[in-house]
Amino acid sequence: MTELGPVAWPPAPIRTERLVLREPEARDRAAVIELLASPEVGTYIGGPRPRDELERAMPAVPSGRPGLFVVALDGAMIGQITLTRESGHLRQAAGKAELGYLFLPQAWGYGYAAEACAAALDWFAGALPGEPVVLATRTANLRSMRLAAKLGFVEAERFEAYGAEQWFGMWSSAMPSD
């Protein structure tokens with residue numbers, strides 16, 4: 001039993017046209033630190049974490065956990081996707097699988113996030129057919145809002161949290177999409 005329920009973890013790597021979704025490896029450590037320390041990435045998630053703190057705390061192999069995929073392009077990590085039920089940060093997500101994604105700024109604008117998230121959602125739909133997935137993002141994060149719409153998430157509500165307006169959407173493989 002994982003945070004995703006009766007899903008065996010880790011799955012075999014998921015391959016798309018350009019990307020591989022896989023477990024974290026030792027070679028991903030520098031990219032994970034870069035991702036979490038990036039001011040651009042941190043804009044809508046509470047700010048970047050201090051690089052020196054990350055360097056001290058990050059193990060040689062970034063910790064993997066059920067529901068965490070590293071997104072790799074030509075073998076190098078460019079982002080991470082999570083599909084977990086561990087969300088304690090929003091009451092709306094309690095007990096539901098929640099999609100999260102973070103990509104290095106140099107990977108923005110090429111469709112990698114859409115390609116990787118669609119692959120993760122396809123995998124999820126195969127593993128847990130018909131089970132909904134939720135997503136929360138700040139309404140000010142226009143890139144994330146566009147990605148949610150492109151992936152087929154439908155707005156369920158807007159609310160205030162963390163000092164900003166949040167958007168909360170739902171997705172299900174049972175729902176029609178574009």
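As the structure is a prediction and not an experimental result, all values here were calculated from the model.

Q: Sorry, what's going on with the overall build of the chain here?
A: Looking only at helices and strands, the chain has five helices and eight strands in total. Relative to its length of 178 residues, the chain is compact, with a C-alpha radius of gyration of 16 Å against a globular reference of 16 Å. Its C-alpha atoms give the chain principal-axis dimensions of about 40 × 40 × 30 Å. Residues classed as buried in the chain amount to 46% of the 178 residues present. Seen as two clouds, the 17 positive and the 21 negative side-chain charges of the chain have centres 2 Å apart.

Q: Can you help me understand the pattern of salt bridges in this one?
A: Once their charged atoms are close, side chains differing in charge can pair, the charge on each being opposite to the other. For the structure on display, the rule yields 11 salt bridges. Arg22 serves as the salt-bridge partner of Glu25, at 3.9 Å between the closest nitrogen and oxygen. Overall, the relative accessible area of 7% leaves Arg22 in the buried class. For Arg29, the salt bridge is made with Glu55, and the minimal N-O distance between the two is 3.2 Å. With a gap of 26 residues between them, Arg29 in helix H1 (residues 29-37) and Glu55 in helix H3 (residues 51-57) connect regions that are remote in the sequence. Residue classification places Arg29 among the partly exposed positions, given a relative accessible area of 21%.

Q: What is the right way to look at the side chain of Ser172 in this model?
A: Mapping Ser172 onto the fold places it in the segment after strand E8 (164-171). Judged by its relative accessible area of 8%, Ser172 is buried. A distance of 3.3 Å separates the side chain of Ser172 from the backbone oxygen of Gly130, its partner in a polar contact. Ignoring any residue separated from it by four or fewer positions in sequence, one finds Ser172 in contact with Gly130, Glu131 and Pro132.

Q: What's the story with the pairing of strand E5 (residues 97-103) in this structure? I'm lost.
A: Here is the key point about a regular strand: its side chains alternate between the two faces of the sheet. In terms of burial, E5 is largely enclosed, as five of its seven residues are buried. Relative to E5, strand E4 (residues 76-84) is paired through six bridges, and the arrangement is antiparallel. Bridge assignment links Gly79 to a residue of E5, and that residue is Phe103. Summarising the sheet, E5 and strand E6 (residues 133-138) pair through two bridges and their orientation is parallel.

Q: Sorry, what's going on with the environment of Ala31 here?
A: Topologically, Ala31 is positioned in helix H1. Among the residues examined, Ala31 registers a relative accessible area of 15% and is labelled buried. Considering only alpha carbons, one finds Ala31 and Thr16, 15 residues apart in sequence, at a separation of 21 Å. Beyond its immediate sequence surroundings of up to four residues, Ala31 is in contact with Met77 and Leu104.

Q: Help me understand the sheet that holds strand E7 (residues 154-161), please; the structure alone is not making it clear to me.
A: Sheet architecture is open: eight strands sit in the order E1-E2-E3-E4-E5-E6-E8-E7, paired in mixed fashion. Of all the strands in the sheet, just strand E1 (14-15) and E7 have a single pairing partner and so form its edges. When strand E2 (residues 19-22) meets strand E3 (residues 68-73), the two strands line up antiparallel, connected through four bridges. Its bridge partner being in E3, Leu21 is matched across the sheet by Val71.

The rules behind the values
- Residues numbered from 1 in each chain as written.
- Predicted model: local features only at pLDDT ≥ 70, side-chain atom pairs only at ≥ 80, totals over all residues.
- Heavy atoms only, no water.
- Helix = DSSP H or I, 4+ residues; strand = E, 2+ residues; numbered from the N terminus.
- Rg over C-alpha atoms; globule rule 2.2 N^0.38 Å.
- Buried < 20%, exposed > 50% of the residue type's maximum accessible area, 1.4 Å probe, protein only.
- Lys, Arg positive; Asp, Glu negative; His and termini not counted.
- Charge placed at Lys NZ, Arg CZ, Asp CG, Glu CD.
- Salt bridge = Lys/Arg side-chain N within 4 Å of Asp/Glu carboxyl O.
- Polar contact = N/O pair within 3.5 Å; in protein donor to acceptor, adjacent residues only side chain to side chain.
- Contact = heavy atoms within 4.5 Å.
- Pairing = 2+ DSSP bridges.

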